[in-house]
There are 2 protein chains.
Amino acid sequence: MKTDEKIAALRGLMEEKGIDVYYVPNGDDHLSDEYVADYFKSKSWLSGFSGDSGAVVVTKDFAGLWTDGRYFTQAEKELAGSCVELMRMAQAGVPDVRDFAVDAVPENGVLGFDGSVISASEAMTLSKRLSAKHARLHTSDDLVGQVWGKQRPKMPEGKLFVLAKKYTGTGAEERIAQTREAMKNAEADVLVLTQLEDPCWLFNVRGDDIACTPVPYAFAMLTAKKAYYYVDRAKLTPQTEAHLKKAGVTVKGYKALASDLAKLRNKTIWTDLAKLNTVLYQALDQSNSVINRRSPIVMFRAVKNNTEIKNIRNAHVKDGVAMVKFLKWVKEHADQNLNEVSAQNHLYALRAEGKDYIEPSFTTICAYRANAAMMHYSATGQDYAEISPDGFLLVDSGGTYKDGTTDITRTIALGALNETEKKYYTMVLKGHLALSRAKFLYGTTGNNLDILARGPMWSMDIDYQCGTGHGVGHVLSVHEGPHGIRWGMNPSRPNAVLEPGMVVTDEPGIYLPGELGIRIENELLVTKGTRNFYGQFLYFEDLTYCPYEREAIVPSLLSDEELAQLNAYHRNVCEVLSPYLEGEELEWLKQACAEIDR
Amino acid sequence: MKTDEKIAALRGLMEEKGIDVYYVPNGDDHLSDEYVADYFKSKSWLSGFSGDSGAVVVTKDFAGLWTDGRYFTQAEKELAGSCVELMRMAQAGVPDVRDFAVDAVPENGVLGFDGSVISASEAMTLSKRLSAKHARLHTSDDLVGQVWGKQRPKMPEGKLFVLAKKYTGTGAEERIAQTREAMKNAEADVLVLTQLEDPCWLFNVRGDDIACTPVPYAFAMLTAKKAYYYVDRAKLTPQTEAHLKKAGVTVKGYKALASDLAKLRNKTIWTDLAKLNTVLYQALDQSNSVINRRSPIVMFRAVKNNTEIKNIRNAHVKDGVAMVKFLKWVKEHADQNLNEVSAQNHLYALRAEGKDYIEPSFTTICAYRANAAMMHYSATGQDYAEISPDGFLLVDSGGTYKDGTTDITRTIALGALNETEKKYYTMVLKGHLALSRAKFLYGTTGNNLDILARGPMWSMDIDYQCGTGHGVGHVLSVHEGPHGIRWGMNPSRPNAVLEPGMVVTDEPGIYLPGELGIRIENELLVTKGTRNFYGQFLYFEDLTYCPYEREAIVPSLLSDEELAQLNAYHRNVCEVLSPYLEGEELEWLKQACAEIDR
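1. Focus: the overall build of chain A
Assigned secondary structure in chain A consists of 19 helices and 28 strands. In terms of overall dimensions, chain A is globule-like: its C-alpha atoms have a radius of gyration of 25 Å, near the 25 Å expected for 598 residues. The C-alpha extent of chain A, read off along each of the three principal axes, is 75 × 60 × 50 Å. Taken across its 598 residues, chain A has 61% of its residues classed as buried. Considering only intrachain contacts with a sequence separation of at least 6, the fraction spanning at least 24 residues in chain A is 69%. Split by element, the accessible area of chain A, about 23,600 Å² in all, is 50% carbon and sulfur. Each charge class in chain A was averaged separately, 67 positive and 79 negative side chains, and the resulting centres sit 7 Å apart.

Below is the structure:
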């Protein structure tokens, strides 16, 4: 089926259902932020645009794909020859996709979408906006799915596995009890968990339905007495079945949540309407009352316990070993017909040698020279750059191990660097070091700290136009809230106070389009310091063990304090990783970590 | 009348009116934050406690004065022998004064207060809390005023004066037009201005009713066609009368606002319910609708125009000259029987020599050694320390001139300092310099920047437990919002984005109770820097011209960047102030500003 045929078929169904405008976002039943299974890639299938970000709107006489600047070139290519117009997000004159969809609906008209991939809160907002012109929503039909028919990929069927208590520190029973305590405090009878990571944390299980994130498609529902896990039974193994049974968890089919929700009467239900899809929300009876609040498990996930911390450190040692081997290898092979893809494949292979390795924690960014200026660049077999022994190679990568999730960026000198490259590298390093040596009182958020990392760039009239850091899950998503390091204030998504046990990345950078991209990233652990008259002081502990790029550092730009911090970090990296390396690799590490003087 | 007699008389009136609990806060008709006229010091008159902070609650069988830690010793002394109990705020077991007042009201009971000194929003909150026990408010009687009777001080009668356009840059007509534009955008028919600074800014008049702030007790009301100024006619001079007439302003009596508000019907009224007193709010007819929002003039006042900026710089030159003369004098006279009061009186006198000087912009803090650890210490004729030629003298002072308002703190070495004093001084200086050299993108708030100033103290496990900086008015209050530099997030009082033209102080410190207090404060002007691809960069320009304490600086603790910044500042101070000094004073300035090396 060609794109235009698909659009025509969709328009036929729209007419049948009396729908004027149909909106196809880029989401799954759980409103996941990042990776979704192929089953949910309706927008891509319909439009022919294969990129991950964007949405489609179809009216009687218009079809448009909205996507952001990272994808303009790709989208132009992929949409060429079809009736789908490219709507360049954030460009002058291009309306917001939701504004466009609402505006395109006529008086008394109908805006349609698949209610299972739009959140209840978004649907409410759209409905309210439409009511001004007596228009309404139609949310009960997945029209793209109907056109797609038998060609549609199946829902993924990855097997579940148990994450043992030696990795998690606390058992499923304890986690269920802890969550029930939060429900009790909130006076909630029922907790509905829709974010994919939440049931995983709660039941200590993981899955394999989504790229780079060890989670299954599943929901959970908790009451004071019962725990329900909504997951396709085919995904269970004897081990997981026994584990869940022991924890008192009742397994039900993935689709059973809607009917179970429909049975609730006069209950106080805790759920996050930004993460509950419209179909599930509409299943709720009016006799219930809803506490619309972030799931308590978001914070439980964010604050790691001592066992998790010990394990995370262990994962970072394995990761550091792989990174050191990679750094040595890539520098030594830069003149041997390497390209971005062969380099990143070598890193994938090195990381996979680590004990308990599961998968990459995200798609590696291996970007040579100017490619690194594209923050979300990803080399593919079709589209990549050759590497030569000069300039910078930026590598942002990570692994999910059974003991922890890693995320690290190193910008590597493959040969000679010019003065600008060195200066910029050193300025990024200054910001990176300033954040990691911060000491701060309890109550501080990432909004308070961001300037420490960003300041050196701002001092040069440069900005890196993204946050400085994000939370990292434990054998879950590599990007997790509720905290982060960023300077902008978003009242609807406030940066959580930094709590001891939280993990956050420290990744300032410089990105000059067409020129270069530099980023340095470690993971940091929020740690308790002195407690005195003024309160509880906190500081960061580096979780990442990997030398910085000494060839790119201009020592004269560093203060004594920064130089001392840098050398102390390198000494520690060398000490921690040495036992796991030998021969030339050990020698290389020692040289990479040797004292840097003025 | 003794305190207990006053309390007894108040209880008699409470019984007459059927009031169970009477609440006496520390405020005026305008809900002013700082200075109030003696007329409004009901709490002090009733309780015998003369301090500025606090509130009194009286029930049938209890009378308590709430005040904070700064005043415990004073309050103990002044309350001794009376029936009024000292309630030490923020101490364990001491309830919040409002919580106490609400809790003390019985089922179906009555909480009374003078509605003219409690804001509408606070009254609403109290009323809502009381409704749970079917209790209500009584707001129409100033019972303390009735007991006070003829002994009560008169309302102040300071004369108004015009602040000429050469000082303000824009005339009253322009300011009225600008404000009407804001009303139009907000679709407001009427703007009610209750904060004392607002009518002053709007009409370019000033007054003399309150200590250290050149404002009269007055209200204003603006419509699309009319401008009303509610002020006691006795305060007018022929000049101000003519000025107001020319600007199209109708003068009415101070008390006439309530009746004018009562006449409004079917209007959309813009007012800030946190700054509108309850009596005025209750005067409004139900047919009106209220836009409860900060007055637009708060932002107009905060963003200085070019004329104001030029004048403010001029005021700071005069201020710097007075400060330099003072610094030299106090260091040379530290061994000549000086005390905190004689020192601050000398500074008052020096500042008064400045052209267009009006008054101090706040009560000087002149605090020797450990006294400086009390952030709001104020030496009085009864209570002061003798000065000897060693240790630190902290002097926080400022002046209001017709061209601007100043606020500066210097911590002065009167003689030998120990290593700790020098180290701490240098760390405070590091924070102070870091904030002043910040460069930042438009959109930044003081929450983002605070850590620059506070970081050096936090790195030593020390906090200064207050904000780093506040906005400064133009010939108005020395403390003005809506911006500031502080790290805590207060959702109900968000830190405004820093706009070019805003003035803010930079005053980190170290306060060790019983030991020492160090603070260094300059005023900074938010200034436009580069505008490029990333946005509009801003930076700070120092408005304060006065050398730091070179004898307290440990150069080895400063980075090259900090040392260069310090020396550049001193060079500029020397260049700016030199033309206004001669002889020994000029020599002293040159030495105070001489290059500092490692």
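2. Here's the deal with unusual backbone geometry
In this model, G481 of chain A is joined to P482 of chain A through a cis peptide bond whose omega is 0 degrees. When you line up the elements, P482 of chain A lands in strand β23 (residues 480-485).

3. Remarks on the relation of the copies chain A and chain B
Each of the two chain copies can be generated from the other by rotation about an axis followed by a shift along it. Superposing chain A onto chain B takes a rotation of 180 degrees combined with a translation of 0.0 Å along the rotation axis, leaving an RMSD of 0.0 Å. This pairing of chains is accounted for by a two-fold axis. Relative to the rotation axis, the closest C-alpha in chain A is found at N448 of chain A, a distance of 2.4 Å. A share of 100% of the interface residues of chain A reappears at the interface of chain B, consistent with the copies meeting face to face through the same patch.

4. Digging into the interface of chain A and chain B
Taken together, the 28 residues of chain A in the interface contact 28 residues of chain B. Together chain A and chain B conceal approximately 2,500 Å² of surface at their shared face, both sides included; 60% is due to carbon and sulfur atoms. In this structure, the connection of chain A to chain B is made through two salt bridges. For the salt bridge of D461 of chain B with K439 of chain A, the shortest nitrogen-to-oxygen distance reads 3.3 Å.

5. Points about the packing of helix α16 (residues 419-436) of chain A against helix α17 (residues 446-458) of chain A
Residues and elements named next belong to chain A. Contact pair α16 / α17: the axes reach a minimum separation of 7 Å and the direction vectors enclose 165 degrees. The angle between α16 and α17 places the two elements in the roughly antiparallel class. The interaxial crossing formed by α16 with α17 has right-handed handedness. Of the residues in α17, those in contact with M427, V428, K430, G431, A434 and L435 of α16 are L449, L452, A453, P456 and M457. Residue composition of the contact of α16 with α17, grouped by class: nine nonpolar, one polar and one charged.

6. Considering the sheet that holds strand β13 (residues 268-271) of chain B
All names here are of chain B. Taken in spatial order, the six strands line up as β12-β11-β10-β8-β13-β14 in an open sheet, and their pairing is mixed. Unpaired on one side and paired on the other, β12 (249-252) and β14 (289-292) mark the two borders of the sheet. Taking each pair of neighbouring strands and ignoring which way they run, the sheet shows an average axis angle of 20 degrees. Lying over the sheet, helix α8 (residues 172-185) contacts β8 (190-193), β10 (219-223), β11 (227-230), β12 and β13, oriented at roughly 65 degrees with respect to β10.

7. Regarding the sheet that holds strand β15 (residues 357-360) of chain B
All names here are of chain B. If you walk across this open sheet you meet the three strands as β15-β18-β19, and the pairing is antiparallel. Here the strands that pair on one side only, and so sit at the sheet edges, are β15 and β19 (404-405). By the bridge criterion, three bridges tie β15 to strand β18 (residues 399-401) in an arrangement that is antiparallel. Directly across from Y357, in β18, lies its bridge partner Y401. Sheet contacts for helix α14 (residues 306-333): β18 and β19; angle to β18, the most-contacted strand, approximately 130 degrees.

8. A closer look at the state of the cysteines
Applying the stated criterion across every chain yields a total of zero disulfides over all chains. Cysteine C546 of chain A is unpaired, with the sulfur of C593 of chain A as its nearest cysteine sulfur at 8.3 Å. Free of any disulfide, C593 of chain B has its nearest neighbouring cysteine sulfur in C574 of chain B, separated by 4.8 Å. Look at C593 of chain B and you get buried, because its relative accessible area is 6%.

9. Let's talk about the pattern of salt bridges
All names here are of chain B. Enumeration over the complete set of coordinates arrives at 72 salt bridges over all chains. Of the charged contacts, one joins K331 and E549 as a salt bridge, the two residues approaching to 3.0 Å between their closest N and O atoms. Of this pair, K331 sits in helix α14 while E549 sits in the loop between β28 (535-542) and α18 (560-577); the two residues are 218 residues apart in sequence, bridging distant segments of the chain. Linking R519 and E507 is a salt bridge whose minimum nitrogen-to-oxygen distance equals 3.8 Å. Highlighted residues: R519 in strand β26 (residues 516-519) and E507 in the loop between β24 (503-506) and β25 (509-512), separated in sequence by twelve residues.

10. Quick notes on the pairing of strand β16 (residues 365-368) of chain B
Residues and elements named next belong to chain B. Alternating residues of β16 divide into I365 and A367 and C366 and Y368, and every residue in both groups is buried. Here β16 pairs with strand β17 (residues 392-397) via four bridges, running antiparallel. Across the sheet, residue C366 finds its bridge partner in β17, namely V395.

11. Details of the nonpolar core
Grouped together as the largest cluster of nonpolar side chains are 164 residues, with contacts concentrated most on F540 of chain A together with F540 of chain B. With residues near it in sequence (within four places) discarded, F540 of chain B still touches L435, S436, A438, F440, L449, L498, V504, L524, L525 and V526 of chain B. Core analysis: the second largest hydrophobic core is formed by 55 residues, V192, V205, M221 and L222 of chain B among them.

Reading guide: rules and limits
Counting restarts for each chain: residues are numbered from 1 in the order of the written sequence. Each chain is given a letter, starting from A, and each ligand a number, starting from 1, according to the order in which they appear as written. Restriction of local features to residues with pLDDT of at least 70 applies here, the model being predicted, together with a cutoff of 80 or more for giving and counting side-chain atom pairs; totals for whole chains, interfaces and linings are based on all residues. Neither water nor hydrogens contribute to the side-chain values; these are computed over all heavy atoms in the structure. Going along the chain from the N terminus, every DSSP run of H or I of four or more residues is numbered as a helix, and every run of E of two or more is numbered as a strand. Atoms considered for the radius of gyration are the C-alpha atoms alone. The globule rule reads 2.2 Å times the number of residues to the power 0.38. Burial classification: accessible surface area is computed with a 1.4 Å probe over protein chains only, and a residue below 20% of its type maximum counts as buried, one above 50% as exposed, and the rest as partly exposed. Contact between two residues is taken to exist if any of their heavy atoms lie within 4.5 Å; hydrogens are not considered. Exposure was quantified through the Shrake-Rupley algorithm and a 1.4 Å probe, taking into account, for residues, occlusion by the shown protein chains and nothing else. The sign given to each residue is positive for Lys and Arg and negative for Asp and Glu; His and the chain ends receive no count. For charged residues, the charge sits on one atom: NZ in Lys, CZ in Arg, CG in Asp, CD in Glu. For this overlay, a least-squares fit was computed on C-alpha atoms, restricted to residues scoring pLDDT of at least 70 in both copies. Put simply, buried area is the surface a 1.4 Å probe can reach on two separate parts but cannot reach once they are joined, added for both. For salt bridges, the criterion is a side-chain nitrogen of Lys or Arg within 4 Å of an Asp or Glu carboxyl oxygen. Orientation is described by lines fitted to C-alpha atoms, with helices fitted over the stretch in contact, and by angles between N-to-C directions that extend from 0 to 180 degrees. Note on terminology: angles under 35 degrees are roughly parallel, angles over 145 are roughly antiparallel, angles of 65 to 115 are roughly perpendicular, and the others are oblique. By definition, any crossing whose near helix is turned counterclockwise from its far helix by less than a right angle is left-handed, and any crossing with a clockwise turn is right-handed. In this classification, the charged set is Asp, Glu, Lys and Arg, the nonpolar set is Ala, Val, Leu, Ile, Met, Phe, Trp, Tyr, Cys and Pro, and all remaining amino acids, among them Gly, are polar. Being paired, for any two strands, means DSSP has found at least two bridges between them. Cysteine sulfurs are considered disulfide-paired once they come within 2.5 Å of each other. Among the buried residues, those of types Ala, Val, Leu, Ile, Met, Phe, Trp, Tyr and Cys that are joined through side-chain atoms within 4.5 Å form a nonpolar core.

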